[in-house]
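Descriptive analysis of the structure
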Amino acid sequence: MSRQDTQGAAEAPWTARVLTVFPEMFPGPLGESLAGRALARGDWRLTVHDIRDAAEPPHRRVDDAPFGGGPGMVMRPSVADRAIRLVEGLEAGRHTLPLIYLTPRGRPLDQTMVAELAAGEGVILLCGRYEGVDERVLEAHGAIEVSLGDFVLSGGEPAALCLIDAVVRLLPGVMGNQTSAGEESFANGLLEYPHYTRPAEWTGSDGIPRRVPDVLLSGHHAEVGAWRLSEAETTTRIRRPDLWARYMRSQADAMTTPNPAPARRPAPQPAQHSDVAHRGKEPAEAPRSKDRQTA
Ligand SMILES: C[S@@+](CC[C@H](N)C(=O)[O-])C[C@H]1O[C@@H](n2cnc3c(N)ncnc32)[C@H](O)[C@@H]1O
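This report concerns the structure included in the present document. (Residues numbered from 1 in each chain as written. Predicted model: local features only at pLDDT ≥ 70, side-chain atom pairs only at ≥ 80, totals over all residues.)

Here we look at the environment of V123
Within the fold, V123 resides in strand β6 (residues 122–127). Residue classification places V123 among the buried positions, given that 25 C-beta atoms sit within 10 Å. Sequence separation between V123 and I100 is 23 residues, and the spatial gap between their C-alpha atoms is 7.1 Å. Residue contacts for V123: discarding those within four places in its chain leaves A16, L97, P98, I100 and L117. (Helix = DSSP H or I, 4+ residues; strand = E, 2+ residues; numbered from the N terminus. Buried ≥ 20, exposed ≤ 12 C-beta atoms within 10 Å, placed from the backbone. Contact = placed C-beta atoms within 7 Å.)

Here's what the structure looks like:
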């Protein structure tokens, strides 16, 4: 499904361009299930670019020893720079997609950032390896540094797969009626309520019978809604004090604005940053690289 621009012409679908030294890792899980079906339908596009193609023959060395000593290697600036420019060259004729470098040093990925990216045209993802990428190339390209969380992966590829998966499921038509993104965890600043399915009573291997909460069997939609909100609030308060504090602030703000939303209704999380979806830069003059489309 391609989007329409203001003149009604078909726009390119949301595009992820991945720079990696392990191109065979893609599409990987993105070729399956929801994301995979959407990829096959053309609801989004994936191009994968081998960073080694930007390295000088005959040895095609991508890394070098770190200045200052220490263990590990660092991705060379000349190679990363050429790889990025080759991919940016594919964007000729439209604004350059934001360049994200996946790194534990970056801003933690959250649903707000995911939604901003889904509202944009796509993203260029630079996957690090070794100890990381030479800092100067990140500065030169205005890379946005994004982390998957406070842990260290062996490479940026699993982080790129997660980021793309989270964005793709928010694209129009991808989830269909299967679920409403607006009711999921983080959409309204809360963790989601618990889920149950048949049978109404179930006994696990611990021998304890457990019943589905009666309200869910009542057929009373307003009471089900109130119960779910209450469960979501309790879970968030106990498990995520950081989210809870922000939610309480947004509720207090909603009460004091001139046209307040009804009290105790989940309010949308405020967008914190708007720099991730668009880079607002004219396309750089750059040679075209092999555009290996995976679909
Ligand atoms: C072994 S890690 C390098 C870790 C780096 N020396 C540090 O301590 O911050 C190799 C690559 O994996 C990726 N990576 C590791 N952890 C990540 C995380 N939490 N989020 C996103 N990318 C990560 C980055 O691209 C990084 O350059």
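The rest of the description comes next.
Topic: the environment of P13
Looking at the secondary structure, you find P13 in the segment before β1 (14–20). According to the C-beta neighbour criterion, P13 is partly exposed, with 19 such atoms within 10 Å. Separated by 109 residues in sequence, P13 and G122 place their C-alpha atoms 8.2 Å apart.

Topic: the site of the ligand
Close to the ligand lie 19 residues, the nearest being G128, L148, L153, G156 and A159. Top contributing element to the shell around the ligand by residue count: strand β5 (residues 99–108), with four residues. Across the shell around the ligand, the residue classes break down as eight nonpolar, eight polar and three charged. (Near = placed C-beta within 6 Å. Nonpolar A, V, L, I, M, F, W, Y, C, P; charged D, E, K, R; others polar.)

Looking at the pairing of strand β2 (residues 44–50)
Burial within β2 is extensive, with six of its seven residues counted as buried. Crossover connection from β1 via helix α1 (residues 33–41) to parallel β2: handedness right-handed. (Right-handed = clockwise from strand over helix to strand, strands pointing away.)

Let's talk about the environment of L39
On the secondary structure map, L39 appears in helix α1. Accessibility expressed as a C-beta count within 10 Å gives 23 for L39, which makes it buried. For the pair L39 and P27, spaced 12 residues apart in sequence, the C-alpha separation works out to 9.6 Å.

Concerning the sheet that holds β6
A sheet is described by the order of its strands in space; here five strands give the open sequence β2-β1-β6-β5-β7, paired in parallel fashion. Edge strands, defined here as strands with exactly one partner in the open sheet, are β2 and β7 (144–147). Between one strand axis and the next, the sheet turns through 35 degrees on average, direction left out of account. As paired strands, β5 and β6 are joined by four bridges and run parallel to one another. The partner of Y101 across the bridge, within β6, is L126. Relative to β1, helix α2 (residues 77–88) is tilted by about 160 degrees, and along the sheet it contacts β1, β2, β5 and β6. (Pairing = 2+ DSSP bridges. Axes fitted to C-alpha atoms, helices over the stretch in contact; angles between N-to-C directions.)

Re the nonpolar core
L19, I100, L125 and L126 are the most contacted members of the largest nonpolar core, which totals 55 residues. Per-element accounting of this core gives the leading share, seven residues, to helix α5 (residues 157–168). Excluding residues within four positions of it along the chain, L19 makes contact with H49, I51, A83, I84, V87, I124, L125, L126 and C127. (Core = buried A, V, L, I, M, F, W, Y, C linked by C-beta atoms within 7 Å.)

Thoughts on α1
Each α-helix winds once per 3.6 residues, and so residues spaced three or four apart point in a common direction. Turning to α1, its buried residues are A35, A38 and L39. Looking straight down α1, one finds that the buried residues subtend no more than 105 degrees of arc, so they occupy a single side. In this structure, α1 carries S33 and A40 as exposed residues pointing more than 90 degrees from its buried face. Of the residues trailing α1, G42 is marked for its positive phi of about 85 degrees. (Arc of directions from axis to C-beta.)

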